[in-house]
Amino acid sequence: MSQNKKAELAIKELLSRQEYLVTQGNDLAKAFGGLKAFGQQLLDYCFSFVTAESKVSDIYEVSALDIIKH
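Residues numbered from 1 in each chain as written. Predicted model: local features only at pLDDT ≥ 70, side-chain atom pairs only at ≥ 80, totals over all residues. Heavy atoms only, no water.

## Some points on the overall build of the protein chain
Inference 1: Within the protein chain one finds 4 helices and 0 strands.
Inference 2: Secondary structure elements of the protein chain occur, N-terminal to C-terminal, as α-α-α-α.
Inference 3: The burial tally for the protein chain puts 13% of its 70 residues in the buried class.
Inference 4: Put simply, 45% of the contacts in the protein chain that link residues at least 6 apart link residues at least 24 apart.
Inference 5: Looking at the protein chain as shown, the accessible area adds up to about 6100 Å², and 58% of this sits on carbon and sulfur atoms. (Helix = DSSP H or I, 4+ residues; strand = E, 2+ residues; numbered from the N terminus. Buried < 20%, exposed > 50% of the residue type's maximum accessible area, 1.4 Å probe, protein only. Contact = heavy atoms within 4.5 Å. Areas by Shrake-Rupley, 256 points an atom, 1.4 Å probe, with all protein chains shown as cover.)

Following this line, the structure appears as structure tokens:
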């Protein structure tokens, strides 16, 4: 896969997460209830990786560069 295709795929994946919103009650989210808007958006972005098929043992990694691009 060319470098340009990899970049396009990465951008597409980031943009697909842009409109994710965490709406269910979540003890972790409640624990961070005093967050400012940016902190809440960052937490929502991280939570967006979790799906119905996710397992407790799943590990998710994101780089600061991914967050900045998002």
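Now that the structure has been shown, we can carry on.
## Considerations on the packing of aromatic side chains
Inference 1: According to the stated counting rule, one finds 2 aromatic pairs in the structure shown.
Inference 2: Ring centres 6.3 Å apart and planes at 40° place the aromatic pair Phe49 and Tyr60 in the tilted group. Here Tyr60 lies in the loop between helix 3 (37-47) and helix 4 (64-69) and Phe49 lies in the loop between helix 3 and helix 4, a separation of 11 residues in the sequence.
Inference 3: Grouped by ring-pair contacts, the aromatic residues Tyr45, Phe49 and Tyr60 constitute a single cluster. (Phe/Tyr/Trp six-rings, centres within 6.5 Å; stacked < 30°, edge-to-face > 60°.)

## Section: the side chain of Ser48
Inference 1: Here Ser48 lies in the loop between helix 3 and helix 4.
Inference 2: The buried category is assigned to Ser48, whose relative accessible area is 6%.
Inference 3: Among the polar contacts listed, one links the side chain of Ser48 to the backbone oxygen of Tyr45, at a separation of 2.5 Å. (Polar contact = N/O pair within 3.5 Å; in protein donor to acceptor, adjacent residues only side chain to side chain.)

## Some points on the environment of Ile59
Inference 1: By secondary structure assignment, the location of Ile59 is in the loop between helix 3 and helix 4.
Inference 2: By relative accessible area, which is 71% here, Ile59 ends up exposed.
Inference 3: C-alpha separation for the pair Ile59 and Phe49, spaced 10 residues apart in sequence, amounts to 9.8 Å.

## Regarding the environment of Asp58
Inference 1: Here Asp58 shows up in the loop between helix 3 and helix 4.
Inference 2: Residue classification places Asp58 among the partly exposed residues on the basis of a relative accessible area of 34%.

Shape descriptors only; they carry no functional weight alone.
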